[in-house]
Amino acid sequence: MKDILAELEARRGAARLGGGQKRIDAQHGRGKLSARERVELLLDAGSFEEFDMFVTHRCTDFGMENQKPAGDGVVTGWGTINGRQVYVFSQDFTVLGGSVSATHAKKICKIMDMAIENGAPVIGINDSGGARIQEGVDSLAGYGDVFQRNVDASGVVPQISLIMGPTAGGAVYSPAMTDFIFMVKDSSYMFVTGPDVVKTVTNEVVTAEELGGAGTHTKKSSVADGAFENDVDALAEVRRLVDFLPLNNREKPPVRPFFDDPARVEESLDTLVPENPNQPYDMKELIQKVADEGDFYEIQEEFAKNIITGFIRLEGQTVGVVANQPMVLAGVLDIDSSRKAARFVRFCDCFEIPILTLIDVPGFLPGVGQEYAGVIKHGAKLLYAYAEATVPKVSVITRKAYGGAYVVMSSKHLKADFNYAWPTSEIAVMGAKGATEIIHRADLNDPEKIAQHTADYEDRFANPFVAAERGFIDEVIQPRSTRRRVARAFASLRNKKAQKPWKKHDNIPL
């Protein structure tokens, strides 16, 4: 018996070393943790239950039968984050470059199937050289099996991807179908074809970092939702994100203890909006003053900064926030901001997370570039996302809400539940100057008359009361009381049930 136990421990010890201590040291030399170190940091201490530690590949071509490392380059299993169950896989770059074989993929599929059946999030730590070339189509089939699980799990359990090394070729499409992607600066990258192929085909010279690094994907492509300084920061922030999310689509998000008065009054908000309608202000100040303890977890902070997305808590309960940012492009909607917000709204709706929308939007960004690139369809994505969302929806208009952008930003017409406005808000088809020049075109040569017409238009429409008269605004509220009014609104909506007509699925304009 002792011999068997000793052999078990020896086998476990060899499996835990992956590609060996020398390769683990090389991983550390690149500023990266090993696959198992990442799992240990991500999960609660002692909670990890591993599957398939001794699985090996079955390839016999190109001498592969002579190297069969236990685990086949990926660590899989389940554990807890602050006591709540999650499933995890962590690719091991020290074992054959973390390359994906048929059995490697099978291990990932196994925990994804279990996650769907048991209703727990999947967190994937990606650090792989791509498909294992020696296995040919078997490796590609493995990728396909993982992709199918990503689709099956979408909207059922949250899926989070951590890119902590190279992710290239077909390997990028699994993270791309997950709900959130986080990268590590200077040590991770994603691309379909690498710099060498790009140079050969298009004659463009580019580094791996420029082509698919964290800066590229958080600021330009919007592929990634955030980038962190190192592995430790990334894993800590994912733990924080999981605390905001429900385990699956049948459960409500977790309720955390809170130490902040829901009726807290913030007198400083009465002067947040400047008297000059063209002067910007920081919408993040409002978000933080509404949130419990000022805690705000921002998503895609570096992309399309004219709109803000992220999570707060109100009375300990998770709320998704979408807010125009007057500090960037006056908070205008454009292609990038519409896509960013639409994706976030749809995630919240999938997982029963209520949505708070803070509005100061002068309209859609005009221009040939926007029209040629399809701003009509991209703007429609955000409209569609709000209209199909059945979760509690509360909106607050702080200043401008002009034209089609007013309708798109969770208006009463898209079945928002509560629509509040500050006294500083202006709800109209367009700004007073532009409207006057169209309505009173005959007086364009008379500056005095135009000035009077503009003043008349402002008196009539540069306020929230016309919309309130029509019932499109439920209440004009004092800015200082925003936290209390919003918290009470969401509290009243906790048992909301909304039904949509039966359909196989919708056809959002993509």
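These figures come from a predicted structure and were not determined experimentally.

**Let's talk about the side chain of T167**
Right, on to step 1. Within the fold, T167 resides in strand β6 (residues 166-168).
Right, on to step 2. By relative accessible area, which is 2% here, T167 ends up buried.
Right, on to step 3. Among all residues touching T167, those that are not within four sequence positions of it are N126, S128, V172, Y189, M190 and F191.

**Observations concerning the pairing of strand β15 (residues 418-421)**
Taken residue by residue, a regular strand's side chains alternate between the two faces of the sheet.
Right, on to step 1. Bridge count between strand β14 (residues 393-402) and β15: four bridges; the pairing is parallel. Bridging from a neighbouring strand, S395 pairs with N419 of β15.
Right, on to step 2. For β15 and strand β17 (residues 475-476), the ladder comprises two bridges, and the chain directions are parallel. Paired with Y420 across the two strands is E475, which belongs to β17.

**A closer look at the packing of helix α12 (residues 335-350) against helix α14 (residues 375-388)**
Right, on to step 1. Across the interface, α12 lies against α14 with an axial gap of 8 Å and an inter-helix angle of 20°. Judged by the inter-axis angle, α12 sits roughly parallel to α14. With respect to the hand of their crossing, α12 and α14 are arranged in left-handed fashion. Only V375, H378, G379, K381, L382, A385, Y386 and E388 of α14 make contact with α12, whose side of the interface consists of I335, S338, R339, A341, A342, V345, R346 and D349.
Right, on to step 2. The class makeup of the residues in the contact of α12 with α14 is eight nonpolar, three polar and five charged.

**Description of the sheet that holds strand β7 (residues 180-184)**
The strands making up a sheet associate through backbone hydrogen bonding, with each pair oriented either parallel or antiparallel.
Right, on to step 1. Within the open sheet, the seven strands sit side by side as β1-β2-β3-β4-β5-β7-β9. Their pairing is mixed. Each edge of the open sheet is held by one strand with a lone partner, namely β1 (49-51) and β9 (226-228). Pairs of neighbouring strands in the sheet enclose a mean axial angle of 20°, with direction left out of account.
Right, on to step 2. In the sheet, strand β2 (residues 74-81) pairs with strand β3 (residues 84-91) via eight bridges, with the strands oriented antiparallel. Each residue of the ladder has a partner; that of V74, found in β3, is Q91.

The rules behind these values
- Residues numbered from 1 in each chain as written.
- Predicted model: local features only at pLDDT ≥ 70, side-chain atom pairs only at ≥ 80, totals over all residues.
- Heavy atoms only, no water.
- Helix = DSSP H or I, 4+ residues; strand = E, 2+ residues; numbered from the N terminus.
- Buried < 20%, exposed > 50% of the residue type's maximum accessible area, 1.4 Å probe, protein only.
- Contact = heavy atoms within 4.5 Å.
- Pairing = 2+ DSSP bridges.
- Axes fitted to C-alpha atoms, helices over the stretch in contact; angles between N-to-C directions.
- Parallel < 35°, antiparallel > 145°, perpendicular 65-115°, else oblique.
- Left-handed = near helix turned anticlockwise from the far one by under 90°.
- Nonpolar A, V, L, I, M, F, W, Y, C, P; charged D, E, K, R; others polar.

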